[in-house]
Amino acid sequence: MAVETKPDTLVAEPWTAQEHKGGSEELGVERPVSKDSDLPLLLQEFPEGGLAAWSTAFGAFLVLFCTWGYVTSFGVYQDFYAQNYLTNETSTAISFIGSINAFLGTSVSLVAGSLYDRGYFYHLVIIGSLLQSFSLFMLSLAKPNQYYQVFLTQGLGSGIAVGLLYIPSLAIVSHYFKRKRTLVMAFVTLGSSLGAIVHPIMLNNLLNGRLGFANGVRASAGLLSALLLIACLCMRPRLDPPTTPVNYIVAAKKCLRDVPFFFAAVGAFLFQIGFYYPYFFLQLDSTQHGISITFSSYSLVILSASSSVGRLSAGYIAGYTGVPNLTEISAISCGLIILGTVGLSNPASVIIIGVLYGYFSGVYTAIVGPLMATLTHDPSELGGWMGIGFFLGGFGSLIGTPISGALLTSNYIWWRPALFSGIAALAGAAMYIFMRFVFIRVQKKNES
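Residues numbered from 1 in each chain as written. Predicted model: local features only at pLDDT ≥ 70, side-chain atom pairs only at ≥ 80, totals over all residues. Heavy atoms only, no water.

### Some points on the packing of helix H4 (residues 74–85) against helix H5 (residues 91–117)
With their axes 10 Å apart at the nearest point, H4 and H5 run at an angle of 150° to one another. Taken as axis vectors, H4 and H5 run roughly antiparallel relative to one another. Crossing handedness for the pair H4 and H5: right-handed. Between H4 and H5, the contacting residues are Phe74, Gln78, Tyr81 and Ala82 on the first element and Ser91, Ile94, Ser95, Ile97 and Gly98 on the second. Counted by class, the contact of H4 with H5 contains five nonpolar, four polar and no charged residues. (Axes fitted to C-alpha atoms, helices over the stretch in contact; angles between N-to-C directions. Helix = DSSP H or I, 4+ residues; strand = E, 2+ residues; numbered from the N terminus. Parallel < 35°, antiparallel > 145°, perpendicular 65-115°, else oblique. Left-handed = near helix turned anticlockwise from the far one by under 90°. Contact = heavy atoms within 4.5 Å. Nonpolar A, V, L, I, M, F, W, Y, C, P; charged D, E, K, R; others polar.)

### Some thoughts on the nonpolar core
One finds Tyr77, Tyr81, Leu139, Phe213 and Tyr432 to be the most contacted residues of the largest nonpolar core, which totals 115 residues. Element by element, the count of residues in this core is highest for H5, at eleven residues. Non-local contacts of Tyr432, meaning those with residues more than four positions away in its chain, are made with Ala264, Gly267, Ala268, Thr327, Glu328, Ala331, Tyr364, Val368 and Leu371. (Core = buried A, V, L, I, M, F, W, Y, C linked by side-chain atoms within 4.5 Å. Buried < 20%, exposed > 50% of the residue type's maximum accessible area, 1.4 Å probe, protein only.)

### Describing the layout of surface pockets
Roughly 820 Å³ of internal volume is contained in the largest pocket. Contributions of two or more residues to the lining of the largest pocket are made by helix H7 (147–171), helix H8 (181–207), helix H11 (259–275), helix H14 (299–321), helix H16 (347–375) and helix H17 (382–408). If one sorts the elements of the lining of the largest pocket by residue count, H16 sits on top with eight residues. When the residues that make up the lining of the largest pocket are grouped by side-chain class, the tally is 24 nonpolar, 15 polar and two charged. (1 Å grid on protein atoms, 1.4 Å probe; cavity = no way out; pocket = protein on both sides within 12 Å on 5 of 7 lines; lining within 4 Å. Points joined across faces, edges and corners; volume = space filled by probe spheres on them.)

### Concerning H4
For H4, with twelve residues, the first-to-last C-alpha span of 14 Å runs short of the 16 Å given by 1.5 Å per residue. Extensive coverage of H4 is indicated by the burial of ten of its twelve residues. All buried positions along H4 are accounted for by Phe74, Gly75, Val76, Tyr77, Gln78, Asp79, Phe80, Tyr81, Ala82 and Tyr85. (Expected span 1.5 Å × (residues − 1).)

### Things to note about H11
An α-helix turns once every 3.6 residues. As a result, residues three or four positions apart point the same way. With 17 residues, H11 extends 24 Å from end C-alpha to end C-alpha; this agrees with the ideal 24 Å at 1.5 Å per step. Within H11 the residues assigned to the buried category are Pro260, Phe261, Ala264, Ala265, Gly267, Ala268, Phe271, Gln272, Ile273, Gly274 and Phe275.

### Quick look at empty space enclosed by the protein
Enumeration according to the criterion identifies five cavities of 30 Å³ or more in this entry. Considering the residues around the second largest cavity, the lining is formed by Tyr70, Val71, Phe74, Gly98, Asn101, Gln154 and Ser158. Sorting the residues of the lining of the second largest cavity by element identifies helix H3 (68–71), H5 and H7 as the ones contributing at least two each. Looking at the lining of the second largest cavity residue by residue, the classes come out as three nonpolar, four polar and no charged.

Structure below.
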């Protein structure tokens, strides 16, 4: 039977779970195509390479470098604001800037994903790039102790920009790769890890150097503007938008009635409450314990470099342990390491915490997407389920670091936020354990 040319929905995130003989799981979406399939031939044949494909992947890499790589570098700003620029504000208020930035990066993705499905790729990446550049240049004009100026530019403006850019830049890669998709997506997501290494080094030297805050932020904004311009020129859609975009209201009702997915969403919410604590406070914690400013400025670099290793190794390890098991292991490890930050007192402890937490947080970041895919029954609804899962988890990042800042107080009582964040992360890990238990029972029931 001839294959029709009617366009269909292309799954943006290339992950699903397939059982091995040994009971483990591997990553990689496979949509079965029969002779009666109404998928267009264009969707069945992927270039798997070529100039357009690799330039698009490189553009997506640059987008993540300039967005999430910058978001996870907020610890530099947290330290600088608390000690130099927003000295009249509490740690809670300062950390809220970073938390709203991270929250909008995930929540706005729901809107961006819907617009992307309707063919507005170029509109999203161009507007998002311009907004990111504009927000950071406006941040350079913020005056000392003018909290609202920093909040509007770095918190709201940059956060919305990250949300507009995130989903389109990931989804567009799926237009070109299928067999190599997991490898290429690993390369793309490394952009955020590389950004989290480069930006802290650059910002620490600029903000605390001769240039100062205004010119330092302008230099950083200039770099991001140039890279985002290159990214916009590199990325190019290959396929027409689907005729029937995902209905997020219907998808939300369906996935929230699914018990394993519900536990996973609750687990993501609780875990995200504690997840960003080391990223936002490790550098400040280090300097407040009398460790040299030069060494402390590299604490986030150590953490981010280790995170890159975790992201790269997650897919390989998941092939042996299974995605749900690896999620539990990484979440439990992160929670315990956060509790261990109570003992931070010298450079050696900073290195140990940075390496260990960076690695396991990298594994978690790489595996949470495949986990959502594992729980999704219909691959055609994968984008909707993942968007909803990330949206709900984003609320944890919104409230987590401000609460930690409030517990820290101006006297810098470090055991309080460490205990709160560690317990929250472990509570999220407990939800993942319940999720796996229910998920296995449902699978066995379906098989019988």
